[in-house]
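# Coordinates in review
Spelled out from the first residue to the last, the chains are:
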Amino acid sequence: RRRLAERSVSIVAPVRDVQAGVSFGVALHEDGRVRVWGLIGNYFGYLPELHHHALYRRPRTLDLLDGIAAMSVADQTAMFTRSDGSGWGGLRWSR
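Below is a short write-up of the structure. Worth saying up front: this structure is predicted, and the values here are computed from it rather than measured.

Take the overall build of the protein chain next. Scanning the protein chain from terminus to terminus reveals zero helices and eight strands. For the protein chain, the α and β elements follow one another from N to C terminus as β-β-β-β-β-β-β-β. Across the 95 residues in the protein chain, those meeting the buried criterion constitute 35%. Taking the contacts inside the protein chain whose residues are at least 6 apart along the sequence as the reference set, 33% of them involve residues at least 24 apart. For the protein chain, the computed accessible surface area is about 6,500 Å², with 50% contributed by carbon and sulfur atoms.

Here is the structure:
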């Protein structure tokens, strides 16, 4: 069984929240931007700016997810909510 090595990740902008899944991390910045790093599945291609099953050693900003107010990360899933109440759970935006 392969293990990812522990690494520190530099996040420059003010951060509201940082959470981790099994093999990835997510930072929610004060301005509503979302950045991810680690092993990202993106198996169905719902995040066009990320490659399918790729390892990101440095945080990547997700342009699709802007204006985020809250997030929840667990296991292999991340969910996001905008201040207008719409949410994104890996498939699409919904209310």
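Turning our eyes to something else, we now look at the environment of Tyr56. In this fold, Tyr56 is placed in strand E4 (residues 54-61). Under the relative-accessibility criterion, Tyr56 is labelled buried at 8%. Sequence separation between Tyr56 and Gly38 is 18 residues, and the spatial gap between their C-alpha atoms is 5.0 Å.

Burial analysis of strand E2 (residues 24-29) places six of its six residues in the buried class, which makes it a mostly covered element. The pairing of strand E1 (residues 15-20) with E2 spans five bridges and is antiparallel. Residue Ala20 lies in a different strand from E2, and its bridge partner there is Gly25. Hairpin remark: E1 followed by E2, antiparallel, with three residues in the connecting loop. Looking at chain direction, E2 and strand E3 (residues 34-40) are connected through five bridges and run antiparallel. Bridge assignment links Leu28 to a residue of E3, and that residue is Val34.

Read from one edge of the open sheet, four strands run E1-E2-E3-E4, paired in antiparallel fashion. Two strands lie at the open edges of the sheet, namely E1 and E4, each paired on one side alone. On average, each strand axis in the sheet is inclined to that of its neighbour by 10 degrees, with strand direction left out of account. The sheet contact formed by E3 and E4 spans five bridges and is antiparallel. If you follow Gly38 over to E4, its bridge partner there is Tyr56.

Rules used in this analysis
- Residues numbered from 1 in each chain as written.
- Predicted model: local features only at pLDDT ≥ 70, side-chain atom pairs only at ≥ 80, totals over all residues.
- Heavy atoms only, no water.
- Helix = DSSP H or I, 4+ residues; strand = E, 2+ residues; numbered from the N terminus.
- Buried < 20%, exposed > 50% of the residue type's maximum accessible area, 1.4 Å probe, protein only.
- Contact = heavy atoms within 4.5 Å.
- Areas by Shrake-Rupley, 256 points an atom, 1.4 Å probe, with all protein chains shown as cover.
- Pairing = 2+ DSSP bridges.
- Axes fitted to C-alpha atoms, helices over the stretch in contact; angles between N-to-C directions.

Purely spatial values, then, with no claim about function.
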